[in-house]
Amino acid sequence: MSIEQFFFNSRLAIAAFFGLWVMLWLPIAIPLAIALKWHPPQPPTMQQKLPLVASLYAIAPLILWGFAHFQQQPFSIYGFVWNVHLLSSVLGGFGIAILGLFSLYGVLKTLGWLAWNSNHTPALLAALLPTLGIALWISTTEELVFRGFLQNQLQSDYPLAISAIISSAIFALLHLVWDGKEALPQLAGLWLLGLVLVLARWLDDGSLGLAIGLHAGWVWGIASLDTAQILEYPNRNLGWVTGNGKPLAGLFGVLLLLMTGGILWAIAVP
């Protein structure tokens, strides 16, 4: 098998991409883990996780560019073209995500299942800008990898719906690497999140803009609130509904995703 044939075989290309990504990251990750005193398979703390994720995600675009080159395709094949359309889609998706989160938390607060600790408002304001940058970076990278490269490769062998189911399952399961057992209650929600983001790319004519905006808005809102520790859940027994700080682990988070998908479909499909 020639190198061209190898890179055009979707399953081999997927395995090669993730294998190469890990291999290139390990020389950086091992000394970094030692310095941060992270001992796998124990999940990293937030202070340990950020530099590890940053180092991993920094090399992903370079590998994706290499794969596009070997497959004789432009980088834009992944759905990322820097233009006005991409920017407007990112902003639109971001706005939809933030409005959805406001609605979710507003309903929970109205029902008395969530409390707002106003003493932590300064911490929230201080967290907004740093978490915005992180959210945009993480979301752009993950959309390039999962809704861009992975979805493209799978669609060469499977219909859109089947490839979306598979790529979203891989996306959800890989969260176990970072979060361990804490990710288990969120797996179904993460899988549904992946499906909504595939839908967003499809409705945006193959562009990742809408998916990046939605993803970034959700990450920014949740991460900012978590960093400030501004939300309190009076009844911890309602975790299956509220998620107790992890929306995708609760019924309301799943409903938010379903509503978002329905709204996107209603707007884009007459």
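As the structure is a prediction and not an experimental result, all values here were calculated from the model.

1. Concerning the overall build of the chain
From N to C terminus, the chain includes 11 helices and two strands. Traced from its N-terminal end to its C-terminal end, the chain shows the element sequence α-α-α-α-β-α-α-α-α-α-β-α-α. When the backbone C-alpha atoms are referred to their principal axes, the chain occupies close to 60 × 55 × 30 Å. Counting only residues that meet the buried cut, the chain has 46% of its 270 residues in that class. Intrachain contacts of the chain at a sequence separation of at least 6 include 73% that bridge at least 24 residues. Of the roughly 13800 Å² of accessible surface on the chain, 72% is carried by carbon and sulfur atoms.

2. Quick word on the nonpolar core
Side chains that are nonpolar tend, in soluble globular proteins, to be buried together. Membership of the largest hydrophobic core comes to 66 residues, with the highest contact counts inside it found for Phe17, Trp21 and Trp218. For this core, the secondary structure elements donating two or more residues are α2 (10-36), α3 (46-70), α4 (84-110), α5 (121-155), α6 (160-173), α8 (187-203), α9 (209-228) and α11 (251-268). Per element, the largest residue contribution to this core is 10 residues, and it comes from α3. Counting residues in hydrophobic clusters, the runner-up holds five residues, among them Phe94, Ile98, Ala216 and Trp220.

3. Description of the layout of surface pockets
Looking at the second largest pocket, its volume works out to about 310 Å³. In this structure, the second largest pocket is lined by 15 residues; those nearest its centre are Phe102, Tyr105, Trp116, Gly221 and Leu225. Put simply, the parts of the chain that give the lining of the second largest pocket at least two residues each are α4, α5 and α9. It is α4 that provides the largest number of residues to the lining of the second largest pocket, a total of six residues.

4. Here we look at the packing of α6 against α8
The contact between α6 and α8 brings their axes to 8 Å, and the two run at 135 degrees. Between α6 and α8, the crossing angle belongs to the class labelled oblique. α8 is crossed by α6, and the crossing has right-handed handedness. On α8, the residues that touch Leu160, Ala164, Ile165, Ser167, Ser168, Ala169, Phe171, Ala172 and Leu173 of α6 are Leu187, Leu190, Trp191, Leu193, Gly194, Leu195, Val198 and Trp202. Split into classes, the residues belonging to the contact of α6 with α8 amount to 14 nonpolar, three polar and no charged.

5. Describing the packing of aromatic side chains
The final tally for this structure, using the stated rule, is 16 aromatic pairs. On the numbers, 6.3 Å between centres and 40 degrees between planes, the contact of Phe18 with Phe146 is tilted. With Phe18 in helix α2 and Phe146 in helix α5, this pair connects stretches of sequence that are 128 residues apart. Ring plane angle 20 degrees and centroid distance 5.7 Å describe the contact between Trp202 and Trp265, whose orientation is recorded as stacked. Residue Trp202 is found in helix α8, and its partner Trp265 is found in helix α11; the two are separated by 63 residues along the sequence. By relative accessible area, Trp202 is classed as partly exposed at 45%. Taken together, the ring pairs connect Phe17, Phe18, Trp21, Tyr57, Phe67, Phe75, Tyr78, Phe146, Phe149 and Phe171 into an aromatic cluster.

6. Regarding the pattern of salt bridges
Going through the model one piece at a time under the given rule, you end up with two salt bridges. Among the ionic pairs, Glu143 bridges to Arg147, the shortest N-O distance being 2.8 Å. Taken together, the positions of Glu143 and Arg147, both in helix α5 and four residues apart, correspond to about one turn of that helix. What makes Glu143 buried here is its relative accessible area of 0%. Of the residues examined, Arg147 reaches a relative accessible area of 0% and is grouped as buried.

7. A look at α8
Taking 1.5 Å of rise per residue, 17 residues should cover 24 Å, and α8 covers 24 Å from first to last C-alpha, within 8% of that figure. The element α8 is largely enclosed, with a buried count of 13 among its 17 residues. Of the residues flanking the end of α8, it is Asp205, one or two places downstream, whose phi is positive at about 60 degrees.

8. Quick word on the confidence of the model for the chain
When pLDDT is averaged along the chain, the result is 90, and 96% of the positions lie at 70 or above. Put simply, helix α1 (residues 3-8) is where the chain has its lowest mean pLDDT, 49, and α8 is where it has its highest, 96.

Rules used throughout
- Residues numbered from 1 in each chain as written.
- Predicted model: local features only at pLDDT ≥ 70, side-chain atom pairs only at ≥ 80, totals over all residues.
- Heavy atoms only, no water.
- Helix = DSSP H or I, 4+ residues; strand = E, 2+ residues; numbered from the N terminus.
- Buried < 20%, exposed > 50% of the residue type's maximum accessible area, 1.4 Å probe, protein only.
- Contact = heavy atoms within 4.5 Å.
- Areas by Shrake-Rupley, 256 points an atom, 1.4 Å probe, with all protein chains shown as cover.
- Core = buried A, V, L, I, M, F, W, Y, C linked by side-chain atoms within 4.5 Å.
- 1 Å grid on protein atoms, 1.4 Å probe; cavity = no way out; pocket = protein on both sides within 12 Å on 5 of 7 lines; lining within 4 Å.
- Points joined across faces, edges and corners; volume = space filled by probe spheres on them.
- Axes fitted to C-alpha atoms, helices over the stretch in contact; angles between N-to-C directions.
- Parallel < 35°, antiparallel > 145°, perpendicular 65-115°, else oblique.
- Left-handed = near helix turned anticlockwise from the far one by under 90°.
- Nonpolar A, V, L, I, M, F, W, Y, C, P; charged D, E, K, R; others polar.
- Phe/Tyr/Trp six-rings, centres within 6.5 Å; stacked < 30°, edge-to-face > 60°.
- Salt bridge = Lys/Arg side-chain N within 4 Å of Asp/Glu carboxyl O.
- Expected span 1.5 Å × (residues − 1).
- pLDDT = per-residue confidence, 0-100.

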